[in-house]
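Chain and residue survey
For reference, the chains in residue letters:
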Amino acid sequence: MNAPAHAPVRAEEEQAPPLVELRGVTRRHGGVTALRGATLTIARGELLAVVGPSGSGKSTLLNVIGTLDRPTAGVVRVDGHDVAALSDRRLSALRASTIGFVFQQFHLAAGVPVLDSVADGLLYGGTPRPRRRALAEAALRRVGLGDRLRHRPHELSGGEKQRCAIARAVLSDSPDGRGRLLLADEPTGALDSASGARVLSLLHELNAAGTTVVVITHDRELAAAFPRRIRLKDGGITADETTGAAV
Ligand SMILES: Nc1ncnc2c1ncn2[C@@H]1O[C@H](COP(=O)(O)OP(=O)(O)OP(=O)(O)O)[C@@H](O)[C@H]1O
Ligand SMILES: [Mg+2]
């Protein structure tokens, strides 16, 4: 609409909705307003950090974006779908096709080889088991764990476990994870700085290959390395900063 007449937008770009759109999103828990009036658009292929003090609403924002939490007011659209209007079945399908979560604490089933844990990420997408396992193996190779496929969680370091969680979160039945949204809540919080740096560079690599990545971090230095930063305070977005040349 704002594009000058001499710079026509390619048809497919014009048609593709933003990957995430929040309009006036509020989330209350009883008397506590965890998120207030958040309005935010995330385009495909972005890499952004969410920063702010403890209790400012960062996890709430991520959970709302990832459709794990429903807003009290406002509209959330993921890939053009108004989340509130979707049936449970369609919402599950949207999550399976598009959204991956990585938490601060690793959620890997005890005693289960990591190849199977990662392959289970596609369980609800209807992908047959042999293909699930082949895709899981490829994802684990991608995060540098091709030689740890049969290891169980207790046989892996913290950083390796976190890389498994990332492999599972980016797993999709498409070759390069394009169109996928990776949401990470303090993924380096439980790691030493070397393992944390490796996890962070992995997130940057995945983003360079086409995955949209949103990361919560307390670390100002880490956040400064992101091209875009959303700042929260008392449940409200107080800043939306972009580094580098405007596109
Ligand atoms: N289920 C809940 N019930 C009541 N209050 C909640 C609930 N979830 C979150 N809150 C409150 O909402 C506010 C925002 O919480 P949130 O977890 O989003 O913060 P955060 O920025 O992720 O903090 P941290 O950096 O400590 O993880 C906090 O004050 C919290 O106590
Ligand atoms: Mg949190």
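Structural notes, computed from the coordinates. (Residues numbered from 1 in each chain as written. Chains lettered and ligands numbered in written order. Predicted model: local features only at pLDDT ≥ 70, side-chain atom pairs only at ≥ 80, totals over all residues. Heavy atoms only, no water.)

Looking now at the overall build of the protein. The helix and strand tally for the protein stands at eight helices and 10 strands. A compact globule built from 247 residues should have a C-alpha radius of gyration of about 18 Å, and the protein, at 18 Å, falls within 12% of that. Along the three orthogonal principal directions, the C-alpha set of the protein runs to about 50 × 40 × 40 Å. Sorting the 247 residues of the protein into buried and exposed places 44% on the buried side. Considering only intrachain contacts with a sequence separation of at least 6, the fraction spanning at least 24 residues in the protein is 68%. (Helix = DSSP H or I, 4+ residues; strand = E, 2+ residues; numbered from the N terminus. Rg over C-alpha atoms; globule rule 2.2 N^0.38 Å. Buried < 20%, exposed > 50% of the residue type's maximum accessible area, 1.4 Å probe, protein only. Contact = heavy atoms within 4.5 Å.)

The next subject is the packing of helix 6 (residues 158-170) against helix 7 (residues 193-208). Contact geometry of helix 6 with helix 7 gives a least axis separation of 9 Å together with a crossing angle of 15°. In terms of their interaxial angle, helix 6 and helix 7 are classed as roughly parallel. Once helix 6 is placed against helix 7, the crossing between them reads as right-handed. Touching Gly159, Gln162, Arg163, Ile166 and Val170 of helix 6 are Ser195, Arg198, Val199, Leu202, Leu203 and Leu206, all from helix 7. Split by residue class, the contact of helix 6 with helix 7 holds six nonpolar, three polar and two charged. (Axes fitted to C-alpha atoms, helices over the stretch in contact; angles between N-to-C directions. Parallel < 35°, antiparallel > 145°, perpendicular 65-115°, else oblique. Left-handed = near helix turned anticlockwise from the far one by under 90°. Nonpolar A, V, L, I, M, F, W, Y, C, P; charged D, E, K, R; others polar.)

A few words on the site of ligand 1. Looking at ligand 1, the residues that line it are His29, Val32, Ala34, Pro53, Ser54, Gly55, Ser56, Gly57, Lys58, Ser59, Thr60 and His218. At a separation of 2.7 Å, an oxygen atom of ligand 1 approaches a polar side-chain atom of Lys58. Between Ser59 and ligand 1, the recorded distance is 2.9 Å, taken from a side-chain N or O atom to an oxygen atom. In the complex, 57% of the free accessible area of ligand 1, which totals 640 Å², lies under the protein chains. Of all elements in the fold, only strand 2 (32-42) and helix 2 (58-65) reach the threshold of two or more residues within the shell around ligand 1. Of the residues assigned to the shell around ligand 1, the class counts are three nonpolar, eight polar and one charged. (Near = heavy atom within 4 Å. Polar contact = N/O pair within 3.5 Å; in protein donor to acceptor, adjacent residues only side chain to side chain. Areas by Shrake-Rupley, 256 points an atom, 1.4 Å probe, with all protein chains shown as cover.)

The next point concerns the environment of Gly30. With respect to the helices, strands and loops of the structure, Gly30 is situated in the loop between strand 1 (20-29) and strand 2. By relative accessible area, which is 69% here, Gly30 ends up exposed.

Read across the sheet, six strands follow the order 6-7-8-3-9-10 without closing on themselves; strand pairing throughout is mixed. Edge positions in the sheet fall to strand 6 (99-102) and strand 10 (236-242), since each of these pairs with one other strand and no more. Going from strand to strand, the sheet's axes swing by 15° on average, the running direction of each strand aside. Where strand 7 (residues 181-185) meets strand 8 (residues 212-216), five bridges bridge the pair, whose relative direction is parallel. Of the residues in strand 8, the one forming a bridge with Ala184 is Val215. (Pairing = 2+ DSSP bridges.)

Here we take up the sheet that holds strand 4 (residues 73-78). Across a sheet, paired strands are connected by hydrogen bonds in the backbone, their directions being either parallel or antiparallel. Sheet architecture is open: four strands sit in the order 2-1-4-5, paired in antiparallel fashion. Taken across any chain shown, the strands that pair with only one partner, and hence form the sheet edges, are strand 2 and strand 5 (81-82). Bridge analysis of strand 1 against strand 2 gives seven bridges, and the strand direction is antiparallel. Paired with Leu22 across the strands is Leu40, a residue of strand 2. Packing of helix 2 onto the sheet brings it into contact with strand 1, strand 2 and strand 4, and relative to strand 2 it is tilted by some 55°.

The next point concerns unusual backbone geometry. Unusually for a residue other than glycine, Glu186 sits at a positive phi of about 50°. Mapping Glu186 onto the fold places it in the loop between strand 7 and helix 7. The class for Glu186 is buried, based on a relative accessible area of 9%. One non-glycine residue with positive phi stands out, namely Asp234, at about 50°.

No statement about biological role is implied by the geometric values presented.
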